[in-house]
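# Commentary on secondary and tertiary structure
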Amino acid sequence: MTWDEMGPLLWEAAGQTAQMVGWSTLFTVLFGLPLGVALVVFDRGGLRPLPAVKSVLGVVVNVGRSLPFIVLMIAIIPFTRLVVGTTIGTAAVVVPLTVGAVPFFARLVETALREVGADVVQAAQAMGAGRTTIVRKVLLPEALPGLVAAVTVTVVALIGYSAMAGTIGGGGLGDLAVRYGYQRFETLLMIVTVVLLIVLVQLIQSLGDLVARRLSHR
């Protein structure tokens, strides 16, 4: 296979990977951030201690993190079909990617929020701030560098998940590597795909680290 033949294939696959990772990252943050906040707020000594609720949420998160992504992707096929109407293609992969990443991201959010000093929260409470205000204007802003790092780690993980999703018709660079690099023995295309994934991960990690450092020195 020549470079002229590989170019369109790589461009299309990279676009599919970007679409999968982009949408799943958006939904992961939308669902995972509130879940991570709840794990902290409802814990013993939290802003609204509800140990029973926290325990249930903790079990749900732990179960979600325990399942290998390839198993999870197959297990929730009926749910994926219910949500998007199909189980094949880029849009369908966003569902298991999100379901798999939300528990992972929620734990990272929990860790970032727990690093906020108790004295900062206590000072806000002393000034009469309510629970919602403390979460919005104290916990989240103070934990912002850690939250950016959490998003970065999650995006890198989602890139790996999306490559696995290609093995069952999800599209993207993983699908390209399997269909051409493995099944058709196009070794050069396989190498180029691997290099692209490595470069993509390095760029995202470097950008995330840079933003987190800038925020931590505000």
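How each quantity is defined
Residues numbered from 1 in each chain as written. Predicted model: local features only at pLDDT ≥ 70, side-chain atom pairs only at ≥ 80, totals over all residues. Heavy atoms only, no water. Phe/Tyr/Trp six-rings, centres within 6.5 Å; stacked < 30°, edge-to-face > 60°. Helix = DSSP H or I, 4+ residues; strand = E, 2+ residues; numbered from the N terminus. Buried < 20%, exposed > 50% of the residue type's maximum accessible area, 1.4 Å probe, protein only. UniProt positions renumbered as here; feature names shortened; annotations may be inferred. Core = buried A, V, L, I, M, F, W, Y, C linked by side-chain atoms within 4.5 Å. Axes fitted to C-alpha atoms, helices over the stretch in contact; angles between N-to-C directions. Parallel < 35°, antiparallel > 145°, perpendicular 65-115°, else oblique. Contact = heavy atoms within 4.5 Å. Nonpolar A, V, L, I, M, F, W, Y, C, P; charged D, E, K, R; others polar. Expected span 1.5 Å × (residues − 1). Polar contact = N/O pair within 3.5 Å; in protein donor to acceptor, adjacent residues only side chain to side chain.

According to the stated counting rule, one finds two aromatic pairs in the structure shown. The interplanar angle of 25° and the centroid separation of 5.9 Å between the aromatic rings of Trp23 and Phe27 together place this pair among those described as stacked. In this pair, Trp23 and Phe27 are both assigned in helix α1 (residues 3–41), four residues apart and thus about one turn of the helix distant. Phe27 sits in the partly exposed class, given a relative accessible area of 30%. With 4.8 Å between their ring centres and 10° between their planes, Phe69 and Tyr161 make a pair best called stacked. One end of the pair, Phe69, is in helix α3 (residues 69–75); the other, Tyr161, is in helix α8 (residues 144–165), with 92 residues separating them in the sequence.

It is worth spelling out the UniProt feature "transmembrane region" (unreviewed entry) in the chain at this point. With numbering matched to this structure, UniProt assigns "transmembrane region" (unreviewed entry) to residues 20–43, 55–77, 83–106, 146–168 and 188–212. Along residues 83–106 the backbone is 79% helical and 0% strand, and the end-to-end C-alpha distance reaches 22 Å. End C-alpha atoms of residues 188–212 are separated by 36 Å, and the span's content is 100% helix alongside 0% strand.

This paragraph deals with the nonpolar core. Ranked by size, the top nonpolar core spans 21 residues in total, and within it Leu10, Leu97, Leu176 and Leu189 carry the most contacts. At the level of elements, α1, α3, α5 (90–114), α8, α9 (172–182) and α10 (187–216) are the ones that each hand at least two residues to this core. Ranked by the residues each element gives to this core, the list is headed by α1, at six residues. Core analysis: the second largest hydrophobic core is formed by 18 residues, Val40, Ile134, Val135 and Ala143 among them.

With their axes 8 Å apart at the nearest point, helix α2 (residues 51–66) and α5 run at an angle of 130° to one another. One way to sum up the angle between α2 and α5 is to call them oblique. In this structure, α2 contributes Lys54, Gly58, Val61, Asn62, Gly64 and Arg65 to the contact, and α5 contributes Pro103, Phe104, Arg107, Glu110 and Arg114. Here the residues of the contact of α2 with α5 sort into three nonpolar, three polar and five charged.

Think of an α-helix as 3.6 residues a turn; residues three or four steps apart then line up on the same face. Over its 22 residues, α8 extends 31 Å from the first C-alpha to the last, a length consistent with the 32 Å expected when each residue adds 1.5 Å. Listed as buried for α8 are Pro145, Leu147, Val148, Ala150, Thr152, Thr154, Val155, Ala157, Leu158, Ile159, Ser162 and Ala165.

Once that is clear, we can look at the side chain of Ser162. Within the element layout of this structure, Ser162 appears in helix α8. Assessed through its relative accessible area of 3%, Ser162 is described here as buried. A polar contact of 2.7 Å, which involves the side chain of Ser162, links it to the backbone oxygen of Ile159. Not counting residues within four places of it along the chain, the set of residues in contact with Ser162 comprises Thr17, Met20, Val21, Leu97 and Gly171.

Further remarks concern the packing of α8 against α10. Packing of α8 against α10 leaves a shortest axis separation of 8 Å and a crossing angle of 175°. Viewed along their axes, α8 and α10 adopt a mutual orientation that is roughly antiparallel. Every residue of α10 that contacts α8 at Leu144, Pro145, Val148, Thr152, Val155, Val156 and Ile159 is listed here: Leu197, Leu200, Val201, Ile204, Gln205, Gly208, Val211, Ala212, Leu215 and Ser216. Grouping the constituent residues of the contact of α8 with α10 by class yields 13 nonpolar, four polar and no charged.

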